[in-house]
Amino acid sequence: MTLTTLNNCPAPAKLNLFLHVNGRRADGYHLLQTVFQLLDHGDTLHFALRDDTAIVRVTALAGVPEEQDLIIRAATLLQAEVLRRKGALPRGVDIAIDKVLPMGGGLGGGSSDAATALMALNRLWQAGLTREELMALGLPLGADIPFFIFGENAFAEGVGEALQPVATPECWYVVIEPGVQVPTAAIFCAEGLTRNTEPVTIADFSRYLAEGNDAGGFGKNDLQQVACSLFKPVADAVKWLGAYGEARMTGSGACVFSAFGSQEEADAVLSNVPPVWIAWKAKALSRHPMLTML
Ligand SMILES: C[C@@](CO)(OP(=O)(O)O)[C@H](O)COP(=O)(O)OP(=O)(O)OC[C@H]1O[C@@H](n2ccc(N)nc2=O)[C@H](O)[C@@H]1O
Ligand SMILES: Nc1ncnc2c1ncn2[C@@H]1O[C@H](COP(=O)(O)OP(=O)(O)O)[C@@H](O)[C@H]1O
């Protein structure tokens, strides 16, 4: 079927259930091991084909000029790839976004938006790229983009691009936004960052869960100590949520999460969150909702 619009396309948040820094590549990028968890909370994008070839963001995004927006950059890359393959530019597109996820929150919002744009436009433009080709196209824009296109919870290595599907518990997460934007680069270049965590295996993670442990208790987030020392609100959120269970930062911060077995337990914690913070609950997803939509 030829479509000209795709509305209500979800761009879910991710959590890094643990995040280990195992080394550094020659180009300075850090080698990581992590488990990515999809959440049923995120941004929503809307696409409408145009009669010209322009790619236009029709909603403003504070602090992100249109040409720097990962959504626009991803769409532009895919449009050029379609030109290369088919010899003609596909129609332009108006892209609207309902932005919910905080920027610099470690929830992968920008990457998830870009991944959703690539998946939606691959369909609208009938571009025919495989999932692997879309993942490779997105990687230079952000290390988390391949994961979102992969579409399943994953054990990731490299800079996050070597992905294996992994089962994770069907639990609820409480997420606190401490109200600061943590710049990823500042955390990775911090002097105090440890970069030599011993590698783990996907089997180690799965065994830990099979023993009945919470998803958020395996390993640690190696970026957390540095982020907490540079950004006190992150340390405060870890301390506060830690009173209810294992509390951990996601990605390079700033958001902090804890796992709960039921929605009621999550609600009980949420009702106590100090009003200085934005906080919400989200259910663990096992698949990216775009996979069902397309
Ligand atoms: C840490 C993670 C974990 O999922 O997520 P977020 O917290 O950003 O969501 C990602 O690896 C974020 O990867 P990516 O999205 O590519 O990071 P960027 O913001 O582009 O990286 C900014 C800078 O951080 C450093 N950087 C980033 C990733 C990495 N594996 N090693 C690095 O050294 C580089 O100096 C890079 O220029
Ligand atoms: N569509 C977008 N949504 C959010 N951030 C974007 C977007 N496009 C570019 N960015 C830039 O990416 C940075 C990281 O944002 P984001 O991916 O939301 O956080 P994080 O990498 O911590 O999960 C932002 O500070 C912003 O400058």
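In every chain, residue numbers begin from 1 and rise along the written sequence. Chain letters and ligand numbers both follow the written order, the letters beginning at A and the numbers at 1. Predicted model: local features are reported for residues with pLDDT of at least 70 only, side-chain atom pairs are reported and counted for 80 or more only, and whole-chain, interface and lining totals are derived from all residues. Water and hydrogen atoms were dropped before computing side-chain values, which therefore reflect all heavy atoms in the structure.

Undergrad: I'd like a description of the UniProt feature "binding site: ATP" (unreviewed entry) in the protein chain, backed by residues and values.
TA: According to UniProt, the "binding site: ATP" (unreviewed entry) feature falls on Pro 102, Met 103, Gly 104, Gly 105, Gly 106, Leu 107, Gly 108, Gly 109, Gly 110, Ser 111 and Ser 112. The helix count covers DSSP runs of H or I at least four residues long, the strand count covers runs of E at least two residues long, and both are numbered beginning at the N terminus. Looking at where Gly 106 falls in the secondary structure, it is placed in the loop between strand 4 (93-98) and helix 2 (109-124). Type-normalised accessible area, obtained with a 1.4 Å probe on protein chains alone, sets the label of each residue: buried when under 20%, exposed when over 50%, and partly exposed for intermediate values. The exposure class assigned to Gly 106 is buried, which follows from its relative accessible area of 13%. Ignoring sequence-local partners within four residues, the contact set of Gly 106 consists of Lys 14, Asn 16, Thr 250, Gly 251, Gly 253 and Ala 254. Along the chain, Ser 112 turns up in helix 2. UniProt positions are given in the numbering used here, feature names are shortened, and annotations may be inferred rather than shown by experiment. Two residues form a contact once any of their heavy atoms are found within 4.5 Å.

Undergrad: How would you explain the site of ligand 1 if you had to name every residue and give the values?
TA: It suffices for a single heavy atom of a residue to lie within 4 Å of a molecule or strand for the residue to be listed as near it. Inspection of the region around ligand 1 gives 19 residues, with Lys 14, His 30, Ala 143, Asp 144 and Ser 252 positioned closest. Contacts to ligand 1 include Asp 144, whose side-chain N or O atom sits 2.8 Å from an oxygen atom. When the free accessible area of ligand 1 is taken as 700 Å², the share hidden by the protein chains comes to 78%. Among the elements of the structure, strand 1 (5-24), strand 2 (30-49) and helix 5 (184-188) are those that each provide at least two residues to the shell around ligand 1. Nitrogen and oxygen atoms within 3.5 Å of one another constitute a polar contact, given that in protein one can donate a hydrogen and the other can accept it, and given that sequence-neighbouring residues count only through two side-chain atoms. Accessible surface is estimated by sampling points in the Shrake-Rupley manner with a 1.4 Å probe; for residues, cover comes only from the protein chains shown.

Undergrad: Any chance you could break down the site of ligand 2 for me, citing the residues and the numbers?
TA: Taken together, the neighbourhood of ligand 2 is formed by 20 residues, with Asp 69, Leu 70, Gly 106, Gly 108 and Gly 110 sitting nearest. Within the side chain of Lys 99, one N or O atom sits 3.0 Å away from a nitrogen atom of ligand 2. If ligand 2 stood free it would expose 530 Å²; the protein chains cover 79% of that surface. At the level of elements, helix 1 (70-86) and helix 2 are the ones that each hand at least two residues to the shell around ligand 2.

Undergrad: Talk me through unusual backbone geometry; I want residue IDs and the actual numbers.
TA: Cis geometry is found at the peptide bond from Gly 253 to Ala 254, where omega equals 15°. For Ala 254, the position within the fold is in the loop between strand 8 (248-249) and strand 9 (256-260). Although it is not a glycine, Asn 8 adopts a positive phi angle of roughly 55°. Positionally, Asn 8 belongs in strand 1.

Undergrad: Just give me the short version of the nonpolar core, but keep the residues and values in it.
TA: Here the nonpolar core consists of buried residues drawn from Ala, Val, Leu, Ile, Met, Phe, Trp, Tyr and Cys, with membership extended through side-chain atoms lying within 4.5 Å. Core analysis: the largest hydrophobic core is formed by 42 residues, its most contacted members being Leu 45, Phe 47, Leu 78, Ile 95 and Trp 125. Counting residues per element, the ones that place at least two in this core are strand 1, strand 2, helix 1, strand 4, helix 2, helix 3 (131-138), helix 4 (145-150) and strand 5 (154-157). The element contributing the most residues to this core is helix 2, with eight residues. Apart from the residues within four sequence positions on either side, Leu 78 is in contact with Leu 118, Leu 121, Asn 122, Trp 125, Leu 129, Leu 134 and Leu 137.

Undergrad: Any details on the pairing of strand 4? Residues and values, ideally.
TA: The rule for pairing is simple: two strands pair if DSSP sees at least two bridges between them. As paired strands, strand 2 and strand 4 are joined by six bridges and run antiparallel to one another. Paired with Thr 44 across the strands is Asp 98, a residue of strand 4. The pairing of strand 3 (residues 55-57) with strand 4 spans three bridges and is parallel. Each bridged residue has a counterpart across the sheet, and for Ile 55 the counterpart in strand 4 is Val 93. Classification remark: right-handed applies to a crossover when, strands pointing away from the viewer, the course from the first strand over the helix to the second runs clockwise. With respect to chirality, the unit in which strand 3 leads through helix 1 into the neighbouring parallel strand 4 is left-handed.

Undergrad: Could you give an account of helix 8 (residues 232-241), with specific residues and numbers?
TA: Note on helix geometry: an α-helix contains 3.6 residues per turn, so any two residues three or four positions apart are oriented the same way. Here helix 8 has its buried residues at Val 234, Ala 237, Val 238 and Leu 241. Mapping the buried residues of helix 8 onto a view down its axis gives an arc of 100°, with all of them on the same face. Relative to its buried face, helix 8 has exposed residues pointing more than 90 degrees away, namely Lys 232 and Lys 239. Those residues of helix 8 hidden inside the fold are in contact with strand 7 (172-177), helix 7 (224-230), strand 8, strand 9 and helix 9 (263-270). Comment: arc refers to directions from the helix axis out to C-beta atoms.

Undergrad: Can you lay out the side chain of Ser 258 for me, pointing to particular residues and giving the numbers?
TA: On the secondary structure map, Ser 258 appears in strand 9. Under the relative-accessibility criterion, Ser 258 is labelled buried at 1%. In terms of polar contacts, Ser 258 uses its side chain to reach the backbone carbonyl oxygen of Glu 246, at 2.9 Å. Sequence-distant contacts of Ser 258, that is, excluding residues within four places in its chain, are made with Trp 172, Tyr 173, Val 174, Leu 241, Gly 245, Glu 246 and Ala 247.

Undergrad: Provide a residue-level description of helix 9, including the pertinent values.
TA: Buried within helix 9 are the following residues: Ala 266, Val 269 and Leu 270. Looking straight down helix 9, one finds its buried side chains confined to an arc of 100°; they lie on one side. Those residues of helix 9 that are buried lie in contact with strand 7, helix 8, strand 9 and strand 10 (278-285).

Undergrad: Explain the UniProt feature "domain: GHMP kinase C-terminal" (unreviewed entry) in the protein chain residue by residue, including any values.
TA: The positions UniProt marks with the feature "domain: GHMP kinase C-terminal" (unreviewed entry) are residues 216-273. The span residues 216-273 carries 43% helix and 12% strand; its end-to-end C-alpha distance comes to 19 Å.

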